[in-house]
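Fold and contact review
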Amino acid sequence: MALKLWTQQGNFRAFKVLIAAEYNGVDIEVPDFSAVDNKSPEFLAKSPLGRVPVLETPSGSIFESNAIARYVARMRRDTELCGVSFFESGQVDSWVDFCAHELELPATVWVYPVIGYMPHNAAAVAKAKADLARGLETLEKHLLDKTYLVGDKVTLADIVVVSALVYPVKLVMDAEYRKAFPCVMRWFTTCVNQPQFVAVVGKVEPAKEELTPAGVAAAPAKKEAKKEAKKEKKAEAPKKEAKKEAKKQAAPAPAAPPADAPVKKEVHPYAVLDKEKPSPFINDAWKKIYSNTSDYNDCMKQFWELFDAEGWSLWICRYKYNAENKKAFMVSNLVSGFVQRSGEIRKWAFGVMQITGEEGKELIVSGAWLLRGDTVQHLKDANDDANWYDWEKIATPVSDADKALIQEFWCSETTLEGRPIIDCKVFK
Ligand SMILES: N[C@@H](CCC(=O)N[C@@H](CS)C(=O)NCC(=O)O)C(=O)O
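By the naming in an unreviewed UniProt entry, the protein chain is Eukaryotic elongation factor-1 B gamma, taken from Tribonema minus.

The structure is reproduced here in structure tokens:
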């Protein structure tokens, strides 16, 4: 059996493994991970927390990306990826561990909201930027008089640290931020242009401007801050107001209970609805029909037969900030995040989110949802990001035109409303 690396495409933690494999001429198969259930007993047997990357070898699995990278680096001695001496192997480890704590951590907190893996939190991002800068300062001092981190050629230390910096450099570290780290950037450019790096991460162009999560303005450079803040406040006012208003509507801040008040477990309004007004429509049964169908026309016929317009409602949502959708993979991550964060109401909802249009021109995010009851409020309460969409309720009895629209959202694999489908995420 060949070595198999289970990972999502583009995972920076897989980069270090695959670059080490390029240096060592090790063949690693990367199977399609998109439909793998990483919490299934079968997958947990490979990776105890269901995390990736994980390497499957003929003798068993190795999890934790640094352990995998070391394993691959040690497969050959002559390439000296772990240094030329026992002492250097210790130095390589120093940088690998430094990277995990001082660079990867803040880098992910800054980058993940941008690519939709994590909700945005302004305070956390501000701290991450400062923490990453501190880590980079240490690197900067070290690299003042050195070409590589350890010894005089590329080692696993360079591979691991560069891998952690690929997305920050590409997406968020603008020229102003990079200015303080000329030696780091010189070393990064040297490494990332080696053929073994290019084979895995492609060409890395440093960010022209800091990308921010859709709907969030980038922090301006310090000296321009005051001026910019004023300008921005004016320009952003309508959008910010809209968001503030949406938030207010979605989640009125509850008054804090007195410290000694008994904690009462709230029953979810959907559970109350189920008890008080039971519906004959069984969402789980519908999800099974949808998942197992080989003929979408047939499955929609069944849906309209089962649909209970008294107990459930249908909605079309359209993202308010499509103009900010820059790259298809980032929009896909944004939508994946949106779908994941709706998990709390899974029992009472079903939805299909579509990304349509053309990268570089316009990427449009929209979706069609089936929700218990006749409001979208519980989805907004469960998932703040739902406020970033306009929601339009489908009138009942559902017209033929609306039936066709819902079918297009839920079943089309090629076009939607005349635009090509780029990606689709199903909430079920
Ligand atoms: N320390 C681990 C972190 C692995 C990790 O957090 N992987 C993420 C993807 S980058 C993951 O698998 N998340 C899915 C989950 O936790 O269910 C490593 O370096 O391998």
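That shown, we press on.
1. Digging into the nonpolar core
In terms of nonpolar packing, the biggest core is built from 70 residues, with L136, L139, L165, W187 and F188 touching the most fellow members. The leading source of residues in this core is helix 6 (residues 156-172), at 13 residues. Looking at which domains feed residues into this core, each of domain 1 (3-73) and domain 2 (86-201) gives three or more. Sequence-distant contacts of L136, that is, excluding residues within four places in its chain, are made with L103, L165, M173, Y177, F181 and V184. Counting residues in each nonpolar core, the second largest holds 28 residues, with C317, W348, L371 and Y389 among its members.

2. Some thoughts on the site of the ligand
In the region of the ligand, the neighbouring residues are Q8, N11, R13, N38, K39, R51, V52, P53, E64, S65 and Y112. Contact between the ligand and V52: a nitrogen atom at 2.8 Å from a main-chain N or O atom of the residue. Within the side chain of E64, an N or O atom sits 2.8 Å from a nitrogen atom of the ligand. Isolated, the ligand exposes 520 Å² of accessible area, and the fraction of that covered by the protein chains is 74%. Of the residues that constitute the shell around the ligand, the class distribution is three nonpolar, four polar and four charged.

3. With respect to the side chain of S332
Mapping S332 onto the fold places it in helix 14 (residues 328-340). In contact with S332, other than residues within four places in its own chain, are I355, D423 and K425.

4. Side note on the sheet that holds strand 4 (residues 60-63)
Here we have four strands laid out as an open sheet, ordered 2-1-3-4, and mixed in their pairing. Two strands in the sheet have a free side with no partner beyond their single neighbour: strand 2 (28-29) and strand 4. Relative to strand 3 (residues 54-57), strand 1 (residues 3-6) runs antiparallel, the two being bridged by three bridges. The residue bridging L5 from the neighbouring strand is L55, located in strand 3. Running at roughly 120° to strand 4, helix 3 (residues 65-73) makes contact with strand 1, strand 2, strand 3 and strand 4 of the sheet.

5. A word on the side chain of E56
Within the secondary structure layout, E56 lies in strand 3. Of the residues examined, E56 reaches a relative accessible area of 15% and is grouped as buried. Reaching out from E56, the side chain makes a polar contact with the side chain of W6 at a distance of 2.6 Å.

6. Some remarks on the packing of helix 4 (residues 86-114) against helix 6
Any two packed helices are characterised by the angle at which their axes cross and by the distance between the axes. Between helix 4 and helix 6, the shortest axis-to-axis distance is 9 Å and the interhelical angle comes to 15°. As judged from the angle between their axes, helix 4 and helix 6 are roughly parallel. Our pair here, helix 4 against helix 6, has a crossing hand that is left-handed. Within the contact between the two elements, helix 4 uses V92, W95, V96, C99, L103, E104, A107, W110, V111 and V114 and helix 6 uses L156, A157, V160, V161, A164, Y167, P168, L171 and V172. Looking at the contact of helix 4 with helix 6, its residues break down into 18 nonpolar, no polar and one charged.

7. Re empty space enclosed by the protein
One water molecule sets the probe size; rolling that probe over the atoms shows where empty space is left. Taken as a whole, this structure holds three cavities of 30 Å³ or more when the rule is applied. By volume, the second largest cavity is sized at about 70 Å³. Lining the second largest cavity, in full, are F12, E104, A107, T108, V111, Y112, S163, A164, Y167 and P168. Examining the composition of the lining of the second largest cavity, we find that five residues originate from one element, helix 4, more than from any other. For the lining of the second largest cavity, the per-class residue count stands at seven nonpolar, two polar and one charged.

8. Remarks on helix 6
Between its first and last C-alpha atoms helix 6 spans 25 Å; for 17 residues at 1.5 Å apiece the expected length is 24 Å, and the two agree. Across the 17 residues of helix 6, 16 count as buried, placing the element largely inside the fold.

Thresholds, definitions, all that
Residues numbered from 1 in each chain as written. Predicted model: local features only at pLDDT ≥ 70, side-chain atom pairs only at ≥ 80, totals over all residues. Heavy atoms only, no water. Core = buried A, V, L, I, M, F, W, Y, C linked by side-chain atoms within 4.5 Å. Buried < 20%, exposed > 50% of the residue type's maximum accessible area, 1.4 Å probe, protein only. Helix = DSSP H or I, 4+ residues; strand = E, 2+ residues; numbered from the N terminus. Domains from an automatic or database assignment. Contact = heavy atoms within 4.5 Å. Near = heavy atom within 4 Å. Polar contact = N/O pair within 3.5 Å; in protein donor to acceptor, adjacent residues only side chain to side chain. Areas by Shrake-Rupley, 256 points an atom, 1.4 Å probe, with all protein chains shown as cover. Nonpolar A, V, L, I, M, F, W, Y, C, P; charged D, E, K, R; others polar. Pairing = 2+ DSSP bridges. Axes fitted to C-alpha atoms, helices over the stretch in contact; angles between N-to-C directions. Parallel < 35°, antiparallel > 145°, perpendicular 65-115°, else oblique. Left-handed = near helix turned anticlockwise from the far one by under 90°. 1 Å grid on protein atoms, 1.4 Å probe; cavity = no way out; pocket = protein on both sides within 12 Å on 5 of 7 lines; lining within 4 Å. Points joined across faces, edges and corners; volume = space filled by probe spheres on them. Expected span 1.5 Å × (residues − 1).

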